[in-house]
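As a plain string of letters, each chain reads:
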Amino acid sequence: MSILRKMRAVFHDDWCKNCTEVMEVKKLQLYFLPQMVGNYVSHKNAAYYKNNLIKVNKKADIPTGYYACGAYSYRCPDCGYKFIKLSVFLPVRDQEKPEETIIFENGEMDDFIYN
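Residues numbered from 1 in each chain as written. Predicted model: local features only at pLDDT ≥ 70, side-chain atom pairs only at ≥ 80, totals over all residues. Heavy atoms only, no water.

Caption draft 1: How the structure looks around the environment of Asn 18. If you trace the backbone, Asn 18 turns up in the loop between helix 1 (3-9) and strand 1 (24-36). Sequence-wise, Asn 18 and Asp 78 are 60 residues apart; in three dimensions their C-alpha atoms are separated by 9.9 Å. (Helix = DSSP H or I, 4+ residues; strand = E, 2+ residues; numbered from the N terminus.)

Set out below in structure tokens:
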């Protein structure tokens, strides 16, 4: 594996950080996050999301002025490395205004996401 490819992997969400292969990416679910605009507080603890994310089927189900969260599953078909990415955003006029991205690499969200 080339050094250049390994360096590029840092800038690609869908490239494995271990072996730099293209990862399988699946958008799992959209969630409502009960935090209002102007009051967003960052959390790195999986327990916070497990206790506060509310599953929704579409953006229209998210109350105006509240944050949403998209959950994605990443898996490397070559080495098996996997993680869950939560993308927190504010839905504004059919657009997603990104707030934060949180990565869980140690399986801390697996029981919540896959059940």
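Caption draft 2: Up close: the nonpolar core. Membership of the largest hydrophobic core comes to 18 residues, with the highest contact counts inside it found for Leu 33, Tyr 49, Leu 86, Val 88, Phe 104 and Met 109. Where this core is concerned, the elements lending two or more residues are strand 1, helix 2 (46-52), strand 3 (66-75), strand 4 (82-92) and strand 5 (95-104). In terms of residue count, strand 4 provides more of this core than any other element does, 4 residues in total. Each residue touching Leu 86, except ones within four places of it in the same chain, is listed here: Tyr 49, Cys 69, Gly 70, Ala 71, Glu 100, Thr 101, Ile 102, Phe 104 and Met 109. Ranked by size, the runner-up nonpolar core spans 8 residues in total, among them Met 23, Tyr 72, Cys 76 and Tyr 81. (Core = buried A, V, L, I, M, F, W, Y, C linked by side-chain atoms within 4.5 Å. Buried < 20%, exposed > 50% of the residue type's maximum accessible area, 1.4 Å probe, protein only. Contact = heavy atoms within 4.5 Å.)

Caption draft 3: Local environment of the pairing of strand 3. Across the 10 residues of strand 3, 8 count as buried, placing the element largely inside the fold. When strand 1 meets strand 3, the two strands line up antiparallel, connected through 10 bridges. When the bridges of strand 3 are listed, Tyr 31 appears paired with Cys 69. Pairing between strand 3 and strand 4: 8 bridges, direction antiparallel. In the sheet register, Gly 70 faces strand 4, and the bridge partner there is Ser 87. (Pairing = 2+ DSSP bridges.)

Caption draft 4: Main features of the packing of aromatic side chains. Within the structure shown, the criterion is met by 7 aromatic pairs. Relative to Phe 83, the ring of Tyr 74 has its centre 4.5 Å away and its plane inclined at 10 degrees; by these criteria the two rings are stacked. Judged on exposure class, the residue Tyr 74 and its partner Phe 83 are both buried. Ring centres 5.7 Å apart and planes at 45 degrees place the aromatic pair Tyr 81 and Phe 83 in the tilted group. Joined through ring pairs, the aromatic side chains of Tyr 48, Tyr 49 and Phe 104 make up one cluster. In this arrangement the basic side chain of Lys 85 is found over the ring face of Tyr 72, its NZ or CZ atom lying 5.1 Å from the centre. (Phe/Tyr/Trp six-rings, centres within 6.5 Å; stacked < 30°, edge-to-face > 60°. Lys NZ or Arg CZ within 6 Å of the ring centre and 35° of its normal.)

Caption draft 5: Quick peek at the pattern of salt bridges. Overall, the coordinates contain 7 salt bridges when judged by the stated rule. Ionic pairing is found between Glu 105 and Lys 17, a salt bridge with its closest N-O pair at 2.8 Å. Of this pair, Glu 105 sits in the loop between strand 5 and helix 3 (110-113) while Lys 17 sits in the loop between helix 1 and strand 1; the two residues are 88 residues apart in sequence, bridging distant segments of the chain. Look at Glu 105 and you get partly exposed, because its relative accessible area is 34%. Take Lys 17: its relative accessible area is 46%, and that puts it in the partly exposed class. Of the charged contacts, one joins Glu 96 and Lys 59 as a salt bridge, the two residues approaching to 2.8 Å between their closest N and O atoms. Taken as a pair, Glu 96 in strand 5 and Lys 59 in the loop between strand 2 (54-56) and strand 3 lie far apart in primary sequence, 37 residues in all. A relative accessible area of 37% means that Glu 96 is categorised as partly exposed. (Salt bridge = Lys/Arg side-chain N within 4 Å of Asp/Glu carboxyl O.)

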